[in-house]
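# Fold and geometry: a report
Okay, here's what each chain looks like letter by letter:
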Number of protein chains: 2
Amino acid sequence: MLKIVISGPSGCGKGTVVKELLKYSNYKLSISVTTRQKRSTEEEGVHYFFKTQEEFDSMIAGDELLEYANFCGNFYGTPKDYVDKTIKDGFDIILEIEVEGALKIKDKFPEAILIFLIPPTFTELHSRLVGRQTESEDVINYRLSRAREELALYKKYDYIVINDDISEAVRQINAIVESEKLRSHNRKDIIDFMLNN
Amino acid sequence: MLKIVISGPSGCGKGTVVKELLKYSNYKLSISVTTRQKRSTEEEGVHYFFKTQEEFDSMIAGDELLEYANFCGNFYGTPKDYVDKTIKDGFDIILEIEVEGALKIKDKFPEAILIFLIPPTFTELHSRLVGRQTESEDVINYRLSRAREELALYKKYDYIVINDDISEAVRQINAIVESEKLRSHNRKDIIDFMLNN
């Protein structure tokens, strides 16, 4: 089973694409912890585990996080035990995390599949951030300049998927996951079976 | 455009799978040269360019082959100019070659995608070789022992595809080709476009 990291600039549509992927039975979502304020559309234990700064610090101290990062003033982290358990249960786990955290995961787990999701144009990214109506102009401008920095790091990712049409992006991610499972280093069992039967 | 090498033990069904793949418009087949005797089902310039040993030697001397190998007493080679022209014309070129030649291609062109096609079981491989009724028992036994050696090299391939159900094998190969095109090192143009629009 694979660790699949879906990441990309804020406003690239990670959330929507991940929601669609989760309709397939092989995937489960890794639920992150965050110190960010809950948005009205979000639910505790579904979108995030919301934590105080003190609680978050104690998880860091206890080495309970695979990675954590400060993004736009808030902390986000991936709880270790949840990821391990999900893979053990036979699911491909999706980690929907921002770019800094994604690269940390790849450092620790080179076998993780990093998928960089991008909007078709920078203009489109801008209008998605504005259309979301959840951030101030200052925050939007910060996110846009951050996006330029993140896009420069695209080579650190394994795959780039354009999120223009959602169903097309989902189809491409499914093709990536399928083909990764066919990679020779994941096929020892199949070869052994073939030789002995 | 990609160089896709479809290889595997003799009797794995390379030919049938490749024939199905060629129904998709993105693929073209690299036609090999061989000193092997033409089978009654084969056509010059479609399945192979059939050459005398003398003609083949002169192609080696003139550096006109990407790779060549002696397999079961016959020479097989991949003509350079045909492969280059096909990629330039915008096609994914399929090289259907035996294992030794496939590994030589990967050495020279690390960006080539090596797909190892295997039957579901060794028993099945045996009955396919017998069912083909084109080789003597000695040749079949030679091919079977050769297959064991080749299967041990599976890690040198990028992907392993089981050829049990042909349409399933073709679907998997199409997923591999699609996902390879989404790899970040193939996506510089997309990133540049996105940043400038």
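Summary of the structure given here. Model, not experiment: these values are computed from the prediction.

## Re the interface of chain A and chain B
Between chain A and chain B, the residue contacts involve 36 residues of the former and 36 residues of the latter. Overall, the association of chain A and chain B removes approximately 3300 Å² of surface from exposure, summing both partners, and the carbon and sulfur fraction of that is 63%. Connecting chain A to chain B are 4 salt bridges. For the salt bridge of Arg183 of chain B with Glu180 of chain A, the shortest nitrogen-to-oxygen distance reads 3.4 Å. Here chain A and chain B share 23 residue pairs in polar contact (both at pLDDT 80 or more) between them. Taken together, the elements giving at least two residues each to the side of chain A that touches chain B come down to α5 (122-132), α6 (137-151), β9 (159-162), α7 (166-181) and α8 (188-195) of chain A.

## Looking at the packing of aromatic side chains
What the rule picks out here adds up to 10 aromatic pairs over all chains. Ring centres of Phe56 of chain A and Tyr68 of chain A lie 6.1 Å apart, and the angle between their planes is 75 degrees; this geometry places the pair in the edge-to-face category. You can see Phe56 of chain A sitting in helix α2 (residues 53-61) and its partner Tyr68 of chain A sitting in strand β5 (residues 65-71), a full 12 residues away along the chain. Classification of Phe56 of chain A as buried rests on a relative accessible area of 0%. For Tyr68 of chain A, a relative accessible area of 33% corresponds to the partly exposed category. Measuring from centroid to centroid gives 5.5 Å for Phe56 of chain B and Phe75 of chain B, while their planes differ by 45 degrees, and the two rings are tilted. Placement of Phe56 of chain B in helix α2 (residues 53-61) and of Phe75 of chain B in strand β6 (residues 74-79) is noted, with a sequence separation of 19 residues between them. Every member of this aromatic cluster is reached through a ring pair, and the members are Tyr48, Phe50 and Tyr76 of chain A. In this structure, Lys104 of chain A packs its charged tip against the face of Tyr68 of chain A, placed 5.5 Å from the ring centre.

## Let's talk about the sheet that holds strand β2 (residues 27-29) of chain A
Residue and element names in this part refer to chain A. Read across the sheet, 5 strands follow the order β2-β7-β1-β8-β9 without closing on themselves; strand pairing throughout is parallel. In this open sheet, the two strands that pair with only one neighbour each are β2 and β9. The sheet shows a mean angle of 30 degrees between the axes of neighbouring strands, direction not considered. Examined bridge by bridge, strand β8 (residues 113-118) and β9 share 4 bridges and lie parallel to one another. Looking at β9, one finds that Ile118 is bridged to Ile162. Sheet strands touched by helix α3 (residues 80-88): β1 (3-7), β2 and β7 (92-96). Its angle to β7, the strand with the most contacts, is close to 150 degrees.

The rules behind the values
- Residues numbered from 1 in each chain as written.
- Chains lettered and ligands numbered in written order.
- Predicted model: local features only at pLDDT ≥ 70, side-chain atom pairs only at ≥ 80, totals over all residues.
- Heavy atoms only, no water.
- Contact = heavy atoms within 4.5 Å.
- Buried area = accessible area lost by both parts, 1.4 Å probe.
- Salt bridge = Lys/Arg side-chain N within 4 Å of Asp/Glu carboxyl O.
- Polar contact = N/O pair within 3.5 Å; in protein donor to acceptor, adjacent residues only side chain to side chain.
- Helix = DSSP H or I, 4+ residues; strand = E, 2+ residues; numbered from the N terminus.
- Phe/Tyr/Trp six-rings, centres within 6.5 Å; stacked < 30°, edge-to-face > 60°.
- Buried < 20%, exposed > 50% of the residue type's maximum accessible area, 1.4 Å probe, protein only.
- Lys NZ or Arg CZ within 6 Å of the ring centre and 35° of its normal.
- Pairing = 2+ DSSP bridges.
- Axes fitted to C-alpha atoms, helices over the stretch in contact; angles between N-to-C directions.

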